[in-house]
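# Commentary on secondary and tertiary structure
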Amino acid sequence: MFKRLLSVLTASLILIGWSSIAHAAGCGIGAAGTTQSVTIGHTARSMLVHIPADAQGGPMPLLFLFHGSTGTGAGMLRNSHLEETADRHGFILVAPDGGIPVEGGGFVWNIPGVPTVTGQIPTKDDADDVAFVGQAIDWLVGQGCVDAARVYATGLSGGGRMTSWLGCVDADRFAAIAPVVGLRAGNPLKSDPQMPDPATCKPSRPMPVIAFAGDKDTTNPIEGGGAGYWQYTMQAAEQRWAQLNGCTAAPTSQWVAAGVYEERYTGCREGADVAGRITVGGTHTWLADNEAMWAFLSRYHRQD
């Protein structure tokens, strides 16, 4: 009897050992410090995935990077320099292409009810980008690559609007968001486009937000106006997120770097601050401080 019990215990320890080894091996979809195209499950869509240089195995934080309208994931990786940030801080960086191809090249994101830069409103026949992002998260978590509690999003211009949209409609998947020259808080209100439509942004939980913009941006002006998808001011978007997050402290404004000031709302539910960083003289380009962005995002873990 003792020998049989010892045999069972030994077998169990071996299984536990193999399980630990498999877990330690962690993400196996790419070598540390490399970027490659990865097909996501059965979606027939792929995206560029960068594994950080100091990957130690086991689930890591994940940052989505969404390109601007008519752009590509490859171009966004190149222009943002976030691969270097990922290597320094040990997070996976993914850069998909939008689901709607544009004549002449590039892609746009499907944000229902809002015209793209082509002037067309996405239809039910267009790819569902929110669903694809959700499938990508589930697949990466299933591969042992990603910690589901530490998933974040950023993006430029149209990618910033996509980032904002995910905060509105899929908050259960994201710990925090960081739109760049593209902060929104729902679609423009049809009866008054200078206000965000509350019915189009109803996050299921408080969403921490840090946004970056320039005061000389004529494409998505911080003072509002512009194309049909823009209209209301960046400050109106910040105020709406602060309202959604239940922020109670009076907003503050301070210089955080040479030529950069920050508007911040605090005293929010679950510590979900809202911050907008404005670069004086900044235009419609990637002007995010990547280190400041990651410092903000990485403070937050999604609570189940």
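The structure reproduced in this document is the subject of the present report. What you see is a predicted model; the values in this text were computed from it and never measured.

### What about the nonpolar core?
Counting 55 residues, the largest nonpolar core has Leu62, Phe64, Ile92, Phe174 and Trp241 as the members making the most contacts within it. For Trp241, the contacting residues outside a window of four places in its chain are Ser164, Gly167, Cys168, Ile177, Leu183, Arg184, Ala185, Cys201, Pro203, Met207, Val209 and Val274.

### Structural notes on the layout of surface pockets
Approximately 150 Å³ is the volume attributed to the largest pocket. Lining the largest pocket we find Gly113, Val114, Pro115, Asn187, Pro188, Leu189, Lys190, Pro193, Asp197, Thr200, Gly228 and Gln231. Residues of the lining of the largest pocket, tallied by class, amount to 5 nonpolar, 5 polar and 2 charged.

### Thoughts on helix 6 (residues 234-244)
Within helix 6, 8 of the 11 residues are buried, leaving the element largely enclosed by the surrounding structure. All buried positions along helix 6 are accounted for by Met234, Ala236, Ala237, Glu238, Arg240, Trp241, Ala242 and Leu244. Here the buried face of helix 6 lies against helix 5 (158-169), strand 8 (176-180), strand 9 (209-214), strand 11 (260-265) and strand 12 (274-279).

### Comments concerning the pairing of strand 7 (residues 146-156)
In this structure, strand 3 (residues 60-66) lies alongside strand 7, joined through 6 bridges in parallel fashion. Within strand 7, the position partnered with Leu65 by the bridge is Thr154. Where strand 7 lies against strand 8, 5 bridges are found, and the strand directions are parallel. Bridged to Ala153 within strand 8 is Ile177. Traced from strand 7 through helix 5 to strand 8, the parallel crossover comes out right-handed.

### Points about the sheet that holds strand 2 (residues 46-50)
Within the open sheet, the 10 strands sit side by side as 1-2-4-3-7-8-9-12-11-10. Their pairing is mixed. If you trace the sheet from one side to the other, it starts and ends with strand 1 (35-39) and strand 10 (252-257), each paired once. Averaged over all pairs of adjacent strands, the angle between strand axes in this sheet comes to 20°, irrespective of strand direction.

### Describing the side chain of Asp129
Take Asp129: it is sitting in helix 4 (residues 129-142). A polar atom in the side chain of Asp129 sits 2.8 Å from the backbone nitrogen of Asn110. Leave out the neighbours within four places in its chain, and Asp129 touches Arg45, Gly98, Gly99, Val108, Trp109, Asn110 and Met162.

Thresholds applied
- Residues numbered from 1 in each chain as written.
- Predicted model: local features only at pLDDT ≥ 70, side-chain atom pairs only at ≥ 80, totals over all residues.
- Heavy atoms only, no water.
- Core = buried A, V, L, I, M, F, W, Y, C linked by side-chain atoms within 4.5 Å.
- Buried < 20%, exposed > 50% of the residue type's maximum accessible area, 1.4 Å probe, protein only.
- Contact = heavy atoms within 4.5 Å.
- 1 Å grid on protein atoms, 1.4 Å probe; cavity = no way out; pocket = protein on both sides within 12 Å on 5 of 7 lines; lining within 4 Å.
- Points joined across faces, edges and corners; volume = space filled by probe spheres on them.
- Nonpolar A, V, L, I, M, F, W, Y, C, P; charged D, E, K, R; others polar.
- Helix = DSSP H or I, 4+ residues; strand = E, 2+ residues; numbered from the N terminus.
- Pairing = 2+ DSSP bridges.
- Right-handed = clockwise from strand over helix to strand, strands pointing away.
- Axes fitted to C-alpha atoms, helices over the stretch in contact; angles between N-to-C directions.
- Polar contact = N/O pair within 3.5 Å; in protein donor to acceptor, adjacent residues only side chain to side chain.

No statement about biological role is implied by the geometric values presented.
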